[in-house]
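Below, each chain spelled out in residue letters.
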Amino acid sequence: MRVIKPKRINKGDLIGIISPASTPDDLSTIQSAVTYFEKNGYNVIVGKNVGKYNGYLAGTDEERTEDIHQMFSNKKVKSVFALRGGYGSGRLLDKLNYKLIRSNPKIFVGYSDITALQHAIFHKTGLITFAGPMPAVDFSAEVSPYTEEMFWAIVTSNKKYGRIQLPNEEKLFHLTKGTAKGRVAGGNLSTLVSIAGTEFFPSFKDKILLLEEIGEMPYRIDRMLNLLRLLKVFKQVKGVIIGRFKNCYETDAMKKFLTLGEVMDDYFGKLKMPVVYNFKHGHIKDNITIPIGITISMNAGRGIIDITEGAVS
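Because the structure is a prediction, the values reported are computed rather than measured.

Further remarks concern the overall build of the protein. Within the protein, the secondary structure is distributed over 10 helices and 14 strands. For a compact globule of 313 residues, the expected C-alpha radius of gyration is about 20 Å, and the protein comes in at 19 Å, within 12% of that figure. The principal-axis extent of the C-alpha atoms belonging to the protein is close to 50 × 45 × 40 Å. Buried positions account for 57% of the 313 residues belonging to the protein. When contacts within the protein are restricted to residue pairs at least 6 apart in sequence, long-range pairs at least 24 apart make up 80% of them. Summing over all exposed atoms, the protein offers an accessible surface of approximately 13,700 Å²; the carbon and sulfur share of this is 48%. Taking the average place of the 43 positive charges on the side chains of the protein and the average place of its 31 negative ones, the gap between the two points comes to 8 Å.

Let's shift gears to helix α4 (residues 115-125). Within α4, nine of the 11 residues are buried, which leaves the element mostly enclosed by the surrounding structure. Within the sequence span of α4, burial applies to Thr 115, Ala 116, Leu 117, Gln 118, His 119, Ala 120, Ile 121, Phe 122 and Thr 125. A positive phi of about 85° marks Gly 126, the residue just after α4.

Moving on to the packing of aromatic side chains. Considering all chains together, one arrives at 17 aromatic pairs under this definition. Plain terms: the ring middles of Phe 81 and Phe 151 are 5.7 Å apart, the flat faces sit at 65° to each other, and that makes the pair edge-to-face. You can see Phe 81 sitting in strand β3 (residues 77-82) and its partner Phe 151 sitting in helix α6 (residues 145-156), a full 70 residues away along the chain. You'll find Phe 81 and Phe 151 in the same group, each marked buried.

This paragraph deals with the packing of helix α8 (residues 218-230) against helix α10 (residues 260-268). Contact geometry for α8 and α10: axes closest at 9 Å, N-to-C directions at 10°. Relative to α10, the element α8 lies roughly parallel. Residue-level inspection shows Pro 218, Ile 221, Asp 222, Leu 225, Asn 226 and Arg 229 of α8 in contact with α10, the latter providing Leu 260, Val 263, Met 264, Tyr 267 and Phe 268. Tallied by class, the residues present in the contact of α8 with α10 amount to eight nonpolar, one polar and two charged.

What follows is about the nonpolar core. In this structure, Ile 221, Leu 225 and Phe 268 are the most contacted members of the largest nonpolar core, which totals 53 residues. Top contributing element to this core by residue count: α10, with five residues. Residues in contact with Ile 221, not counting those within four places in the same chain, are Leu 189, Glu 213, Glu 216, Phe 245, Cys 248, Leu 260, Val 263 and Met 264. Formed by 48 residues, the second largest nonpolar core is a distinct cluster that contains Val 34, Phe 151, Ile 208 and Ile 294.

Reading the values: rules and limits
- Residues numbered from 1 in each chain as written.
- Predicted model: local features only at pLDDT ≥ 70, side-chain atom pairs only at ≥ 80, totals over all residues.
- Heavy atoms only, no water.
- Helix = DSSP H or I, 4+ residues; strand = E, 2+ residues; numbered from the N terminus.
- Rg over C-alpha atoms; globule rule 2.2 N^0.38 Å.
- Buried < 20%, exposed > 50% of the residue type's maximum accessible area, 1.4 Å probe, protein only.
- Contact = heavy atoms within 4.5 Å.
- Areas by Shrake-Rupley, 256 points an atom, 1.4 Å probe, with all protein chains shown as cover.
- Lys, Arg positive; Asp, Glu negative; His and termini not counted.
- Charge placed at Lys NZ, Arg CZ, Asp CG, Glu CD.
- Phe/Tyr/Trp six-rings, centres within 6.5 Å; stacked < 30°, edge-to-face > 60°.
- Axes fitted to C-alpha atoms, helices over the stretch in contact; angles between N-to-C directions.
- Parallel < 35°, antiparallel > 145°, perpendicular 65-115°, else oblique.
- Nonpolar A, V, L, I, M, F, W, Y, C, P; charged D, E, K, R; others polar.
- Core = buried A, V, L, I, M, F, W, Y, C linked by side-chain atoms within 4.5 Å.

Below is the structure:
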């Protein structure tokens, strides 16, 4: 498969905002995000169906699909941001026009539930997408300087980003030592396993696996990791990066449990490949942007991860 890098974004370019999953509870975050982009020198267009509700979905499947198609077909739009995650992206995978997306490659940004779209797009088109900050979540209130500095550096320059520095001089830790190099795949764990067995589930052969999650108790994490094990994902990948698993802890009511750390050690502690944790990616304020499909290298023993090529052209 030929990998396609979208064109970098420049000041004055038009940014498109869509809601492929859920709608923000507070619709004022949409205008707050628009104001942020405009203050930073960009123009903004909001999808015509943004702000709609269909239960927990941001409109019908057809409306959300229409906004994606319109943004990719609009020649003036240079990048497309998912407003937030939530739920619903997976319902669109068999409705997307991947030929349209491949013919109009552009920066596409989101994380969490957007993981489903990112892997479907990469698998079907080869387009690099970006697991990074979302308008209603990260660009609507107080913006993390760390998050925005890294994000804009990656999408505005075609030079390789190089070594990733964690915020506040934090360090990466390892479960197993070793080095590896490969294209990064993964993202939100529950979203990833929700497309397992479908034509949109990515190939993990020779990949670096990235995982993050929010609000799932350890036994549920166990269940999802076991599915990946049964699918032989851990035998295919070259390395594993464990991002932030936020609020993924046992409750006081549970008398018998394994901790999150014990579950992680069960699945990753004996792998004969590099495995690191404490990687600052996921549902957190200081959030590392990772281009899905880009080549990265890792040295687990030294706590080093490098983005070894530019993610945009």
